[in-house]
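For reference, the chains in residue letters:
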Protein chains: 2
Amino acid sequence: MRNDDAGKTILVTGASSGIGALSVRAPALAGHTVYAGIRQMAPRNATAVADLVRHGTGHRVDVHAVEPDVTSQDSADGATDRIVTERSRLDVVVHNAGHIVLGAAEAFAAEQFADLYDVDVLGTERVSRAALPKVREQGSGLLVWIGGPSTRGGCPPFPAPCFAAKAAMDALAVSWAAEVLPFGIGTAIAVPGAFTTGTNHLADAGTPPTSTVRKPTTGVTNPSWAAWASVWPRSSLRTPM
Amino acid sequence: MRNDDAGKTILVTGASSGIGALSVRAPALAGHTVYAGIRQMAPRNATAVADLVRHGTGHRVDVHAVEPDVTSQDSADGATDRIVTERSRLDVVVHNAGHIVLGAAEAFAAEQFADLYDVDVLGTERVSRAALPKVREQGSGLLVWIGGPSTRGGCPPFPAPCFAAKAAMDALAVSWAAEVLPFGIGTAIAVPGAFTTGTNHLADAGTPPTSTVRKPTTGVTNPSWAAWASVWPRSSLRTPM
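Report follows, based on the coordinates. Source: prediction; values computed, not measured.

**Let's talk about helix H2 (residues 46–59) of chain A**
Since there are 3.6 residues in each turn of an α-helix, residues three or four apart along the chain are aligned in direction.
Residues and elements named next belong to chain A.
And then number 1: Compared with an ideal rise of 1.5 Å per residue, which puts 14 residues at 20 Å, H2 spans 20 Å between its outermost C-alpha atoms and is within 8% of the ideal.
And then number 2: The complete set of buried residues in H2 reads Ala-48, Val-49, Leu-52, His-55 and Gly-56. Taken down its axis, H2 places every buried residue within 120 degrees of arc, on the same side. Turned more than 90 degrees from where H2 packs its buried face, Thr-47, Arg-54, Thr-57 and Gly-58 sit exposed.
And then number 3: Structurally, H2 contributes buried residues whose contacts are with helix H1 (18–29), strand S2 (33–37) and strand S3 (63–66).
And then number 4: Arg-60 sits one or two positions beyond H2 and adopts a positive phi of about 50 degrees.

**Some words on helix H5 (residues 122–138) of chain A**
Residue and element names in this part refer to chain A.
And then number 1: The first and last C-alpha atoms of H5 sit 24 Å apart over 17 residues, in line with the 24 Å expected at 1.5 Å per residue.
And then number 2: A maximum bend of about 45 degrees is found in H5 at Leu-132, where proline Pro-133 lies one to four positions downstream.
And then number 3: Counting buried positions over the 17 residues of H5 gives 14, a clear majority of the element.
And then number 4: Just downstream of H5 lies Gly-139, where phi reads positive at about 80 degrees.

**Digging into the packing of helix H1 (residues 18–29) of chain B against helix H2 (residues 46–59) of chain B**
All names here are of chain B.
And then number 1: H2 packs onto H1 with a crossing angle of 15 degrees between their chain directions and a minimal axis gap of 11 Å. It follows that H1 is roughly parallel to H2 by the angle criterion. Considering the relative orientation of H1 and H2, their crossing is right-handed. Counted together, Val-24, Arg-25 and Leu-29 of H1 and Asp-51, Leu-52, His-55 and His-59 of H2 form the full contact between these two elements.
And then number 2: Grouping the amino acids of the contact of H1 with H2 by side-chain chemistry returns three nonpolar, two polar and two charged.

How each quantity is defined
Residues numbered from 1 in each chain as written. Chains lettered and ligands numbered in written order. Predicted model: local features only at pLDDT ≥ 70, side-chain atom pairs only at ≥ 80, totals over all residues. Heavy atoms only, no water. Helix = DSSP H or I, 4+ residues; strand = E, 2+ residues; numbered from the N terminus. Expected span 1.5 Å × (residues − 1). Buried < 20%, exposed > 50% of the residue type's maximum accessible area, 1.4 Å probe, protein only. Arc of directions from axis to C-beta. Contact = heavy atoms within 4.5 Å. Bend = angle between axes of the 7 residues up to and from the residue. Axes fitted to C-alpha atoms, helices over the stretch in contact; angles between N-to-C directions. Parallel < 35°, antiparallel > 145°, perpendicular 65-115°, else oblique. Left-handed = near helix turned anticlockwise from the far one by under 90°. Nonpolar A, V, L, I, M, F, W, Y, C, P; charged D, E, K, R; others polar.

Put into structure tokens, the structure is as follows:
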């Protein structure tokens, strides 16, 4: 039997699919109250919300959809404010929201790196800032960042913007760790392996615009690979690593 | 005696002071042609430009000031175009331009992280993109990134935004390394120790705006420390790490 008084109140961002959706369901089944951050509930993620409601009803567990846009401090503040109003506390934040892009480093405009950083790194900063005043007041809590399988760069095909963002997120998380520990707040970086099914993450991956491919080639349809193929020295190909 | 034919053509960004200025002078004395990237030559960095000219005249070495703003792709393109027009080549790029900020992670608005990322990470992306078509055509060249003494976060006092940016830059550099090696282009990350004299870097360091300090305190004048002091649990202080 569930015990609401003993249960923690948890916020998971990016919870429409994949690791985020799983990170909502498992703690809910264990008796905790979980708020699933699902951006653009209607119409884009209506199915994800319906699945969440069905999960809650079917298993008689306490799950709720919230709609924080991690690219907006006001939106992040609003989501945590709602949780604190409804539950009087916020124990755990799971920073899972993220986006990916794939393509040659040279093919991306700097602005595309910035957009990715805005979601993957600044998104965690905004939600942490929104949650901290309440968590600090409680004197206990846990912040979890979902990291990438590699943050050290260097592994083609073409994850440069993603790895740069995840490396930044990791470093930021470690800085936060030192700064919140005196308040009784724990931290963790969870690093899943490559996670390719049950998620919209890869299907939604961005690519460099063809306008940034300086030497377009023919016969390669995927924009990422086209970007790479356009600059790769075919006539003198050597092993890249 | 200098031998211009044997000399390399080098671009150093952020060369008005510190490591950047030294990275111009040493290779110039060794007989290379060095373009010193000095933002806002007049009036802000007029002294730095005068010093550079004096160094060139006094030592009869080949140094030039260029004015790339690494926050603009057009400006970065213009600087490398000028170098290639004047020298018909560009052998080495030293990514040194950077900014720092100091303060508690929670005190910074996400936009301040974004501004730092724009200079420290996207600046290298823009200059690399500007340089690559020429360097690739040559079939040889070297890209050097000047890293920070720590990119792993976690070391107060309060470098969270800087470490997040430098970690991202390192990861980006490693991705670039794999992608340009097949073109005969070498790469390196140079990591100086803490470098506190002969540079404007620390004097120009940014801080969180007081508006972001949610619980202002009195008696602490440095905004960074004020931000920290305002949230630190004085009554139950524990060792942070």
